[in-house]
Amino acid sequence: MARSSGFLIDWDERSKAGTVLTSARIICSKYSALSQWSGTDEYAPNAEIVAHLLDEDDATVPALLLHYDKHVNIALIKVEIELCAKIPSFSGDVIYGQEIFVLGRDEHQNLTIHHGRVQFMGPNKFQRHHYLFSGCVINQPSIGGPVIDLNGQVWGMANFPGTAFIPSSIILKCLDMWKKYQCIPRMHIGMKLSPIKFLDPIHVERIFRRCNVDSGLIVHEVSHGSVADELGVRPGDIIDSVNGEHIATTIELENLLMRICESHLDEGGVIGSCVDIPVGILHVRKGRKDPRHRSTLSLRLNVAEGVEAFTSGTLTVEV
């Protein structure tokens, strides 16, 4: 179905078994090129996976799929390997503008190295909230490769043909939750968002003059029939807090939502149950006497482990 790169994140000396992190696209049998929000991708978890160790003997070994997550787009596979390579260390926080290198393999299994810097280029209406961008274009075989700095620390994993990667903070939280619950739960918020702080200064200044805010998340689209839609959230509104915490980027939002899920499960909650999340919103409406009306909405969100699909029903806003 697909050939992807991957890298070792754990190795057990006694069993000689290693855990490899890669992209879930390695078992994706049907992929929607139009939008990752469509929820129409199909996966074959029972597919045979072969790992190329690229050692002196150029050995290939069968690999066992341990877990895959459709939304985050990661997969964990188990590989028996006699000699462990050095396990890389993850950097906790990604710094925007940081110089990075994207490692991978080409169609002939040769090493590829792409040089770039951490960027924020979205997410646009096609891409997920947990993406950052490298500024360098990679091809399918390099998806799943590590994104590293000059010291060899892992800052993320190449995730999508083009420039997107999953930052280390998201990966570490996903790995932690998988170890605890054997799944990666999150909440489906039903909105496509973009941070104010990464807009150009002209847009930031215009929003500040109009709304007296210079940070937060702009609502670009609301999923038709979602909780946010039913509570009256509309494109152009600005979210400045979630669960009492100020949120400046979509990465911060994704990490917060997973922490809320983790606390809920630790307190005895189960997958499929709901959590009430207070969300502070600045409603921006034309024609209203006070166009900067603030409110705190309570979003009852489902703790789920599936992919979040999006139903378009409201036009995207320009800011």
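Remember, predicted model here, so these are calculated numbers, not experimental data. Counting restarts for each chain: residues are numbered from 1 in the order of the written sequence. Side-chain atom pairs in this predicted model are given and counted only at pLDDT of 80 or more, local residue features only at pLDDT of at least 70, and totals for whole chains, interfaces and linings cover all residues. Values shown for side chains rest on all heavy atoms present in the structure; no hydrogens or waters enter the calculation.

With 59 residues, the main nonpolar core has Met187, Met191 and Ile239 as its most contacted residues. Only DSSP runs of H or I reaching four residues or more are called helices, and only runs of E reaching two or more are called strands; each is numbered from the N terminus. Counting residues per element, this core draws most heavily on helix 4 (residues 250-266), which supplies 7 residues. Those residues in contact with Met187, other than ones at most four positions away along the chain, are Leu257, Ile260, Cys261, Val275, Ile277, Leu301, Asn302, Val303 and Glu308. What we call a nonpolar core is a set of buried Ala, Val, Leu, Ile, Met, Phe, Trp, Tyr and Cys residues that are connected through their side-chain atoms within 4.5 Å. Burial classes follow relative accessibility: with a 1.4 Å probe on protein chains only, a residue under 20% of its type's maximum area counts as buried, one over 50% as exposed, and anything between as partly exposed. With 17 residues, the next largest nonpolar core counts Ala24, Ile26, Cys28 and Ala63 among its residues. Only heavy atoms matter for contacts: two residues are in contact if any of them lie within 4.5 Å across the pair.

On to the side chain of Asp237. Inspection of the secondary structure puts Asp237 in the loop between helix 3 (227-230) and strand 17 (238-242). Overall, the relative accessible area of 0% leaves Asp237 in the buried class. Counted as a polar contact is a pair of N or O atoms within 3.5 Å, where, for protein atoms, one must be capable of donating a hydrogen and the other of accepting one, and residues adjacent in sequence contribute only when both atoms are in side chains. In this structure the side chain of Asp237 is engaged in a polar contact, spanning 3.3 Å, whose partner is the side chain of His283.

Turning our attention to the sheet that holds strand 8 (residues 99-105). Taking strand neighbours across the sheet as the criterion, the 6 strands line up as 9-8-11-12-13-10 in an open arrangement whose pairing is antiparallel. Two strands lie at the open edges of the sheet, namely strand 9 (111-117) and strand 10 (132-138), each paired on one side alone. Neighbour-to-neighbour, the strand axes of this sheet turn through a mean angle of 35°, independent of strand direction. In this description, strands pair whenever DSSP reports at least two bridges between them. With 3 bridges joining them, strand 11 (residues 146-148) and strand 12 (residues 154-158) adopt antiparallel strand pairing. As a rule, the C-alpha atoms of each element are fitted with a line to give its axis, helices using only the stretch in contact, and angles between N-to-C directions run from 0 to 180 degrees.

What follows concerns the UniProt feature "domain: PDZ" (unreviewed entry) in the protein. Residues annotated in UniProt with the feature "domain: PDZ" (unreviewed entry) correspond here to residues 219-257. Between the end C-alpha atoms of residues 219-257 there is a gap of 17 Å, over a span that is 31% helix and 28% strand. UniProt positions are given in the numbering used here, feature names are shortened, and annotations may be inferred rather than shown by experiment.

We now examine the environment of Val20. The topology assignment puts Val20 in strand 2 (residues 17-22). Discounting residues that sit within four places of it in the chain, Val20 has contacts with Gly6, Phe7, Leu8, Ala75, Leu76, Ile77 and Val79.

Turning to helix 2 (residues 201-211), a few remarks are in order. One turn of the α-helix equals 3.6 residues, which is why residues spaced by three or four share an orientation. The complete set of buried residues in helix 2 reads Val204, Ile207 and Cys211. For helix 2, the buried positions fall inside an angular range of 65° around the axis, keeping them on one side. Those residues of helix 2 that are exposed and aimed more than 90 degrees away from the buried face are Pro201, Ile202 and Arg209. Taking the backbone nitrogen of Ile202 as reference, a side-chain oxygen 3.0 Å away marks Asp200 as the first, capping residue of helix 2. Residue Asn212 follows helix 2 closely and has a positive phi angle near 60°. Directions pointing from the helix axis toward each C-beta atom define the arc.

What makes a salt bridge here is a side-chain nitrogen of Lys or Arg within 4 Å of a carboxyl oxygen of Asp or Glu, nothing more. Scanning all chains against the criterion turns up 10 salt bridges. Residue Glu262 is joined to Lys180 by a salt bridge in which the shortest nitrogen-to-oxygen separation is 3.0 Å. One end of the pair, Glu262, is in helix 4; the other, Lys180, is in helix 1 (residues 168-181), and 82 residues separate them in sequence. The partner of Lys192 in a salt bridge is Glu221, with the nearest N and O atoms 3.6 Å apart. Highlighted residues: Lys192 in strand 15 (residues 191-195) and Glu221 in strand 16 (residues 217-222), separated in sequence by 29 residues. Glu221 carries the same exposure label as Lys192, and that label is buried. Through salt bridges with shared partners, one network takes in Lys173, Lys180, Glu262 and Asp266.

Our next topic: the state of the cysteines. Cysteine sulfur atoms are paired as a disulfide whenever they fall within 2.5 Å. For the coordinates displayed, the defined rule picks out 0 disulfides. Of all cysteine sulfurs, the one in Cys183 lies closest to Cys261, which takes part in no disulfide; the gap is 9.2 Å.

Here the focus is helix 4. The span expected for a helix works out to 1.5 Å for each residue beyond the first. With 17 residues, helix 4 extends 24 Å between its outermost C-alpha atoms, agreeing within 8% with the 24 Å of an ideal straight helix rising 1.5 Å per residue. Among the 17 residues of helix 4, 13 are classified as buried, and the element is accordingly described as predominantly covered. Gly268, located one to two residues past helix 4, shows a positive phi value of around 105°.

We now examine the packing of aromatic side chains. Geometrically, a pair of aromatic rings is defined through the distance of the ring centres and the angle of the planes. When two rings of Phe, Tyr or Trp (its six-membered ring) have centres within 6.5 Å they constitute a pair, described as stacked for plane angles under 30 degrees, edge-to-face for angles over 60, and tilted for the intermediate range. Under the counting rule described, the total for this entry stands at 3 aromatic pairs. Arranged with centres 6.3 Å apart and planes meeting at 45°, the rings of Phe7 and Phe90 form a pair that is tilted. Note that Phe7 is positioned in strand 1 (residues 6-12) and Phe90 in the loop between strand 7 (74-80) and strand 8, a separation of 83 residues in sequence. The residues Phe7 and Phe90 share a single accessibility class, namely buried. On the numbers, 5.5 Å between centres and 35° between planes, the contact of Tyr43 with Tyr68 is tilted. In this pair, Tyr43 sits in strand 4 (residues 42-43) while Tyr68 sits in strand 6 (residues 60-69), placing the two residues 25 residues apart along the sequence. In this structure Tyr43 comes out as buried when scored by relative accessible area, which is 15%. Taking relative accessible area as the criterion, Tyr68 reaches 21% and is therefore assigned partly exposed.

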